[in-house]
Amino acid sequence: MRSLAAAALLGLSASMLAEASSLQDLADRLVGRSRSHVRGRAITELWKLDATDKAALVPLLLPGLQRKDAYERMNAAYALGWLDDHAWPAREHLKPLLVDPSEMVRHQARATLGRLGEDRAGAVAAEIAEYRRLRGNERIEAQGARRSAIGRLGYVLAAPGERPPQGVATLAEALADPYEYIRHEAVQSLFRVARMACPDVVPVTASLLGAIARADRNTAYVAFRVLEVMGLVSARPSDANTASSHDADARRALGERLARDILGGPQPPTCPEKRPPA
């Protein structure tokens, strides 16, 4: 009752109060140390917000950058990056995290600033260097760090603006990583980039086809979806089913056939003007 009375005194309608409460709840789920699937759903909700709500979410996330818990500081920085232009005012709040005591917070702050247009080339180069530094190291910790580097690289590249080509090339390189979860991270990042900027992914078409032919079924299926979003393959259910099949020989045959169709012509592949909706 008191909250409703206060809302009335402030001239706020019940619907406005409910919306503000809903955004605060979303901010709490984005920043808090909840399970990954909870934060994943929260990120999906963030993506669906309209421009007004995205702008309103920024000040609700800023206190998370000051939390004592390093994971919560990292989560707040990560969420801010997905708000793109709306989060530009947050850049000055993010810069102190570049010298945060926690390495993972420093890495995320650099990636978020790169995504927001602050030294994007430097952020991309840093993630490439981190991935390559750890390549060949099969310790569990190194595998996790490699996956994180590829995830941050895709996070930076899947934003409006320029995309250094070496960044996309490194995502394609990671499609052949021996660690399955790194391949998944790479192909999902390429899917997000392809939805925004098909021409930037065309140079790695052969790597995507190779993933269909030789990678695990989950990577192969998303690689097929990347080519579909680019307009380079038709949305034939039979091909999509084969790409996700348990039958490795069938996936290999599909990848080889698509390679002949796409790369076997006299001209290199290009993005058609009309492509399937992303």
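Throughout, residues of each chain are indexed from 1 in the direction in which the sequence is written. Local features are withheld for residues below a pLDDT of 70 in this predicted model, meaning they are given only at 70 or higher, and side-chain atom pairs are given and counted only at 80 or more; totals for whole chains, interfaces and linings count all residues. Here the side-chain values reflect all heavy atoms present in the structure, with hydrogen atoms and water set aside.

### Some words on the packing of helix 9 (residues 140–157) against helix 10 (residues 165–173)
Piece 1. Between the N-to-C directions of two axes lies an angle of 0 to 180 degrees, each axis being a line fitted to C-alpha atoms and, for a helix, fitted only over the stretch in contact. Only DSSP runs of H or I reaching four residues or more are called helices, and only runs of E reaching two or more are called strands; each is numbered from the N terminus. Closest axis-to-axis distance for the helix 9/helix 10 pair is 10 Å, and the angle between their directions is 140 degrees. Overall, the two elements helix 9 and helix 10 adopt an arrangement that is oblique. When you trace helix 9 past helix 10, the crossing you get is left-handed. Here Ile150, Leu153, Gly154 and Leu157 of helix 9 lie close against helix 10, whose contacting residues are Gly167, Val168, Thr170 and Leu171.
Piece 2. Classifying every residue of the contact of helix 9 with helix 10 gives five nonpolar, three polar and no charged. For this classification, under 35 degrees means roughly parallel, over 145 means roughly antiparallel, 65 to 115 means roughly perpendicular, and everything else is oblique. Should the near helix be turned anticlockwise from the far one by less than a right angle, the crossing is termed left-handed; should it be turned clockwise, right-handed. Should any heavy atoms of two residues lie within 4.5 Å, those residues are counted as being in contact. Here the nonpolar group is Ala, Val, Leu, Ile, Met, Phe, Trp, Tyr, Cys and Pro; Asp, Glu, Lys and Arg are the charged ones; every other residue, Gly included, is treated as polar.

### Some words on the packing of aromatic side chains
Piece 1. Working definition: rings of Phe, Tyr and Trp (its six-membered ring) pair if their centres are within 6.5 Å, and the pair is stacked with planes under 30 degrees apart, edge-to-face with planes over 60 apart, and tilted otherwise. In this structure the tally under the stated criterion is five aromatic pairs.
Piece 2. Note on Trp47 and Trp82: the rings are 5.2 Å apart at their centroids and 75 degrees apart in plane angle, and the pair reads as edge-to-face. Of this pair, Trp47 sits in helix 3 (residues 36–48) while Trp82 sits in the loop between helix 5 (70–81) and helix 6 (91–94), and the two are 35 residues apart along the sequence.
Piece 3. Using a 1.4 Å probe on the protein chains alone, a residue whose accessible area is under 20% of its type maximum counts as buried, one over 50% counts as exposed, and one in between counts as partly exposed. A relative accessible area of 6% places Trp82 in the buried class.
Piece 4. A ring pair is formed by Trp82 and Tyr155, whose centres lie 5.3 Å apart and whose planes are at 90 degrees; its orientation type is edge-to-face. Note that Trp82 is positioned in the loop between helix 5 and helix 6 and Tyr155 in helix 9, a separation of 73 residues in sequence.
Piece 5. We classify Tyr155 as buried; its relative accessible area is 3%.
Piece 6. Pairwise contacts between aromatic rings join Trp47, Tyr78, Trp82 and Tyr155 into one cluster.
Piece 7. If you follow Arg115 out to its NZ or CZ, it ends over the ring of Tyr155, 5.3 Å from the centre. Over a ring means this: the NZ of a Lys or the CZ of an Arg is within 6 Å of the ring centre and within 35 degrees of the ring normal.

### Examining helix 4 (residues 51–61)
Piece 1. Every buried residue belonging to helix 4 is among Asp53, Lys54, Leu57, Val58 and Leu61, and all of these are buried. Summarising the axial view, the buried residues of helix 4 lie within an arc of 155 degrees, below the 170-degree limit, and thus occupy one face.
Piece 2. Under the rule applied, a polar contact is a pair of N or O atoms within 3.5 Å (in protein, one hydrogen donor and one hydrogen acceptor; residues adjacent in sequence only if both atoms are side-chain atoms). Looking at where helix 4 begins, the residue whose side-chain oxygen comes 3.2 Å from the main-chain nitrogen of Thr52 is Asp50. Arc definition: it is the arc formed by the directions from the helix axis to the C-beta atoms.

### Here we look at the state of the cysteines
Piece 1. Note on terminology: pairs of cysteine sulfur atoms within 2.5 Å are recorded as disulfides. This structure, assessed with the given rule, holds one disulfide.
Piece 2. Covalently, Cys198 is tied to Cys271 through a disulfide, its sulfur atoms 1.8 Å apart. Of note, the bridge from Cys198 to Cys271 carries an S-S torsion of about -90 degrees and is left-handed in sense. Taken as a pair, Cys198 in helix 12 (residues 198–201) and Cys271 in the segment after helix 16 (248–263) lie far apart in primary sequence, 73 residues in all. By the burial criterion, Cys198 is buried, and Cys271 matches it.

### A short note on helix 7 (residues 103–115)
Piece 1. Helix length check: helix 7 (13 residues) gives 18 Å between terminal C-alpha atoms against 18 Å at 1.5 Å per residue, within 8%.
Piece 2. Buried residues of helix 7: Val105, His107, Gln108, Ala109, Ala111, Thr112, Leu113, Gly114 and Arg115, and no others.
Piece 3. Elements in contact with the buried residues of helix 7: helix 5, helix 6, helix 8 (120–134) and helix 9.
Piece 4. Backbone geometry just after helix 7 places Gly117 at a positive phi near 100 degrees. The span one expects for a helix is its residue count, reduced by one, times 1.5 Å.

### Details of the environment of Ala186
Piece 1. Along the chain, Ala186 turns up in helix 11 (residues 180–196).
Piece 2. Spatially, the C-alpha atom of Ala186 lies 14 Å from that of Arg217, the residues being 31 residues apart in sequence.
Piece 3. Contacts of Ala186, omitting those with residues within four sequence positions, involve Ile150, Leu171, Ala174 and Leu175.

### Topic: the layout of surface pockets
Piece 1. Only protein atoms enter the calculation, which uses a 1 Å grid: trapped sets of points that fit a 1.4 Å probe without letting it out are cavities, open sets showing protein on both sides within 12 Å along at least five of seven lines are pockets, and any residue with an atom within 4 Å of a point is a lining residue. Grid points are joined across faces, edges and corners, and a volume is the space filled by probe spheres set on the points. By volume, the largest pocket amounts to about 1300 Å³.
Piece 2. Contributing to the lining of the largest pocket are 35 residues, with Arg39, Tyr78, Arg147, Ser148 and Glu185 lying nearest its centre.
Piece 3. Mapped onto the lining of the largest pocket, the elements with two or more residues apiece are helix 3, helix 5, helix 7, helix 8, helix 9 and helix 11.
Piece 4. Of the residues belonging to the lining of the largest pocket, the class tally is 13 nonpolar, 13 polar and nine charged.
Piece 5. The volume enclosed by the second largest pocket comes to roughly 480 Å³.
Piece 6. Considering the residues around the second largest pocket, the lining is formed by 13 residues, among which Trp47, Trp82, Phe191, Arg192 and Arg195 are closest to the centre.
Piece 7. Per-element tally for the lining of the second largest pocket: the top contributor is helix 11, with five residues.
Piece 8. Partitioned by chemical class, the residues of the lining of the second largest pocket number seven nonpolar, one polar and five charged.

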